[in-house]
Amino acid sequence: MNKKFIDNINLKNKNILLRVDFNVPMDKEKKNITNHNRIKSTLPTIDYLLQQDINNLVIVSHLGRPKGKIVPELSLKLVQEYLQKEIKQNINLLSLDDYLKNKDNYKNSITLIENIRFHPEEERKSDNDKICEFENKLSQLGDVFVNDAFGACHRNHCSIMGKGYNLKLGGLLLKSELKNIEKVMNNVQRPFTCIIGGAKVNDKIKLIYNLIDKVDYLLIGGGMVFTFLKVLYNMKIGNSLFDEEGSKYVPEIMKKAEEKNVKIVFPDYFMCGDSFSNDAKTSLFDLKNGIDDGYMGLDIGIKSIMNFEEYLNKSKTILWNGPIGVFEFSNFSLGSKVLIESIRKITDRLEADVVIGGGDTASCAQRFGLIGPSIHISTGGGATLTLLEGSEMPGIE
């Protein structure tokens, strides 16, 4: 992959189209941004571009899933206001068509184009003629295309591809993401431990297969663990998640791990609730006796974390993709908190490299304060997963 980035190209007097991922979480009333990390992560790229004597900067992003319609609650207005405060410069917020009609009025300025997913063509949900017309409009926003939207690079959406631009570059966030994730995949310090969580085995089969070729220890948690335990130990799992389709792959996964001499570790204690709620009645169950009917596994028990720590303490590289419990519920967040504290201590003591997959895993890490110089928290959940699987990333290719 021949990658070019903004920090080794002369951009003086250029008009820049910068594609970013400002798909930030907001409160239920859509009146406040609840986590600004995706905006903050792109600030180094914006600051760098503004220092290069460029002529014009046009920023494009999506927000939420408006499904090709104008949804006022998904406007980028809150993003514009926050970004203006951060860079201390005025930013115009305009629709794509309004900007193109009045381009000459916005020379030597910064413009944020309103939510690009307000256009059905962005996600290629229109006929070919309209998609081509839309791509042509995007090509008129600048003469250099810069992609810093790592979190959307696994999509082939129009504004991600930069069609019509002769010069296409990666931003500093994209460079950092690729450097950190490729480091754990291609130039890893050993022992290498991966923690895999989430709900369904089927969603992460490709990832698990790929990781077995690379890791020394694979620690499995989250909702998917009950599919493994039911298949392997005939464990009673009560009302816990069971992935019927994914269960077919469990024997094959275990066989490959044995062939590659990879140790797979499962939790054996579980904090369970009688409903999917923070107010659920709780009870602790174990692998030996199983989970009673009417209860579902929502977190791993402290004894399981202690077992995980045995392998984490040996590790020089740690990759974590997928929550190990329902960390959003305070009564089922203890396992996540203790795991994060363990990782923090390990990085302080051993200077281990840690990569946290984006999405819910990143939200969990940030909620409980997992920070450090050797800890990389990705801005993209699906994008990180796609890269780790070894699948093609259209926005990077």
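About the thresholds
- Residues numbered from 1 in each chain as written.
- Predicted model: local features only at pLDDT ≥ 70, side-chain atom pairs only at ≥ 80, totals over all residues.
- Heavy atoms only, no water.
- Pairing = 2+ DSSP bridges.
- Helix = DSSP H or I, 4+ residues; strand = E, 2+ residues; numbered from the N terminus.
- Axes fitted to C-alpha atoms, helices over the stretch in contact; angles between N-to-C directions.
- Buried < 20%, exposed > 50% of the residue type's maximum accessible area, 1.4 Å probe, protein only.
- Right-handed = clockwise from strand over helix to strand, strands pointing away.
- Patch = residues over 30% accessible without salt bridge, like charges linked within 9 Å, V, L, I, M, F, W, Y side chains within 5 Å.
- Areas by Shrake-Rupley, 256 points an atom, 1.4 Å probe, with all protein chains shown as cover.
- Salt bridge = Lys/Arg side-chain N within 4 Å of Asp/Glu carboxyl O.
- Expected span 1.5 Å × (residues − 1).
- Contact = heavy atoms within 4.5 Å.
- Core = buried A, V, L, I, M, F, W, Y, C linked by side-chain atoms within 4.5 Å.
- Parallel < 35°, antiparallel > 145°, perpendicular 65-115°, else oblique.
- Left-handed = near helix turned anticlockwise from the far one by under 90°.
- Nonpolar A, V, L, I, M, F, W, Y, C, P; charged D, E, K, R; others polar.

(A) Representation of the sheet that holds strand S6 (residues 167-170) in the model. Strand order across the open sheet formed by six strands is S3-S4-S2-S1-S5-S6, with parallel pairing between neighbours. Each edge of the open sheet is held by one strand with a lone partner, namely strand S3 (92-94) and S6. Neighbour-to-neighbour, the strand axes of the sheet open up by a mean angle of 25°, direction not taken into account. When strand S5 (residues 144-147) meets S6, the two strands line up parallel, connected through four bridges. Residue pairing across strands places Val 144 opposite Leu 167, the latter belonging to S6.

(B) Structural view of the pairing of strand S2 (residues 56-60). Burial analysis of S2 places five of its five residues in the buried class, the great majority of the element. Along S2, one buried face is formed by Asn 56, Val 58 and Val 60 and the opposite face, lined by Leu 57 and Ile 59, is buried too. Examined bridge by bridge, strand S1 (residues 15-19) and S2 share five bridges and lie parallel to one another. Residue pairing across strands places Ile 16 opposite Leu 57, the latter belonging to S2. The handedness of the S1 to S2 crossover, carried by helix H1 (residues 37-50), is right-handed.

(C) Geometry of a nonpolar patch on the surface. Taken together, the side chains of Val 231, Leu 232 and Tyr 233 present a nonpolar region at the surface, about 250 Å² in accessible area. One can find Val 231 in helix H8 (residues 225-233). Val 231 gets classed as partly exposed once you look at its relative accessible area, which sits at 34%.

(D) Focus on H1. An ideal rise of 1.5 Å per residue puts 20 Å on 14 residues; H1 measures up with 20 Å between its terminal C-alpha atoms. Along H1, the residues classified as buried are Ile 39, Ser 41, Thr 42, Leu 43, Thr 45, Ile 46, Tyr 48 and Leu 49. Turning to H1, the residues buried within the fold contact S1, S2, helix H2 (77-87) and helix H6 (172-186).

(E) Spatial organisation of the nonpolar core. If you look at the biggest cluster of nonpolar residues, it comprises 47 residues, and the most contacted ones within it are Phe 150, Leu 211, Leu 218, Ile 220, Phe 228 and Ile 253. Those elements that place two or more of their residues in this core are H6, strand S7 (192-196), helix H7 (205-212), strand S8 (217-220), H8, helix H10 (250-259), strand S10 (269-273) and helix H14 (381-389). It is H7 that provides the largest number of residues to this core, a total of six residues. Listed in part, the 31 residues of the second largest apolar core include Phe 22, Met 26, Leu 43 and Ile 91.

(F) Representation of unusual backbone geometry in the model. The amide bond that connects Arg 190 to the next residue, Pro 191, takes the cis arrangement and shows omega of 0°. Topologically, Pro 191 is positioned in the loop between H6 and S7. Positive phi, close to 55°, is recorded for Lys 30, a residue that is not glycine. Of note, Lys 30 is situated in the loop between S1 and H1. Located in the positive-phi region is Lys 67, a residue other than glycine, with phi close to 60°. Residue position: Lys 67 is located in the loop between S2 and H2. When its relative accessible area of 65% is taken as the criterion, Lys 67 is described as exposed.

(G) The sheet that holds strand S15 (residues 375-377), seen in detail. Strand order in the open sheet formed by six strands is S9-S8-S7-S13-S14-S15, and the pairing between neighbours is parallel. Edge positions in the sheet fall to strand S9 (263-265) and S15, since each of these pairs with one other strand and no more. Across the sheet, the mean angle from the axis of one strand to that of its neighbour is 15°, orientation sign disregarded. In this sheet, S15 lies alongside strand S14 (residues 353-356) in parallel orientation, the contact comprising three bridges.

(H) Just the environment of Glu 328, in detail. Locating Glu 328 in the fold gives a position in the loop between strand S13 (317-321) and helix H12 (334-350). A sequence separation of 50 residues divides Glu 328 from Asn 278, and the C-alpha atoms of the two residues are 8.6 Å apart.

(I) Inspection of the packing of helix H11 (residues 302-312) against H12 at higher detail. Running from amino to carboxyl end, H11 crosses H12 at an angle of 25°, the nearest separation of the two axes being 10 Å. Between H11 and H12, the angle is such that the two are roughly parallel. As for how H11 packs across H12, the hand of that crossing is right-handed. Counting all contacts with H11, which are made through Ile 302, Ile 305, Glu 309 and Leu 312, the residues of H12 involved are Leu 334, Gly 335, Val 338, Leu 339, Ser 342 and Ile 346. Tallied by class, residues from the contact of H11 with H12 come to seven nonpolar, two polar and one charged.

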